[in-house]
Amino acid sequence: MNDDNSPAAILRKRLYWHSRRGMWELDLLLIPFLEQRFDHLSEEDQLAYQQLIEGEDQDLFVWLMHREWPEEPSQRRIVQMIVEHAETTDNSAYRTL
């Protein structure tokens, strides 16, 4: 992260810290997605991501591990995008988070 104090940079920093969870498995899914895909999402998907990371770790874990899907369609969509990103991207650089 840099020292940019623009509203977009401040939001990005906040999202980064909220994406760091208490579970390593979640960090390995959320951080790379945020860094590599978030800026390219539609406004609606960005909002869905922001709402997603306000949730509980237990819910995120269940959803991101394919055990259940969120009932809310926008949340289901962003979860599917995160899972797809993790399954199709080399995230080995993040294994030391």
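Not measured: the values here are computed from a predicted model.

(A) Representation of unusual backbone geometry within the structure. We note that His 66 has phi near 65°; this positive angle belongs to a residue other than glycine. With respect to the element layout, His 66 can be found in the loop between α4 (57-64) and α5 (73-88).

(B) Main features of the packing of aromatic side chains. For the structure shown, the criterion picks out three aromatic pairs. Both rings, one in Tyr 16 and one in Trp 17, keep their centres 5.2 Å apart while their planes meet at 90°; by these two values the pair is edge-to-face. With relative accessibility at 12%, the residue Tyr 16 sits in the buried group. By the ring-pair criterion, three or more aromatic residues cluster together here, those being Phe 33, Phe 38 and Tyr 49.

(C) Local environment of the confidence of the model for the protein chain. The predicted model of the protein chain averages 89 in pLDDT, with 91% of residues at 70 or higher. When mean pLDDT is taken per element in the protein chain, helix α3 (residues 43-52) scores highest with 96 and helix α1 (residues 7-19) scores lowest with 89.

(D) Structural view of the pattern of salt bridges. Under the criterion given, the structure shown has four salt bridges. We note a salt bridge from Asp 57 to Arg 21, for which the minimum N-O separation is 2.6 Å. Note that Asp 57 is positioned in helix α4 and Arg 21 in the loop between α1 and α2 (24-37), a separation of 36 residues in sequence.

Each value, and the rule that gives it
Residues numbered from 1 in each chain as written. Predicted model: local features only at pLDDT ≥ 70, side-chain atom pairs only at ≥ 80, totals over all residues. Heavy atoms only, no water. Helix = DSSP H or I, 4+ residues; strand = E, 2+ residues; numbered from the N terminus. Phe/Tyr/Trp six-rings, centres within 6.5 Å; stacked < 30°, edge-to-face > 60°. Buried < 20%, exposed > 50% of the residue type's maximum accessible area, 1.4 Å probe, protein only. pLDDT = per-residue confidence, 0-100. Salt bridge = Lys/Arg side-chain N within 4 Å of Asp/Glu carboxyl O.

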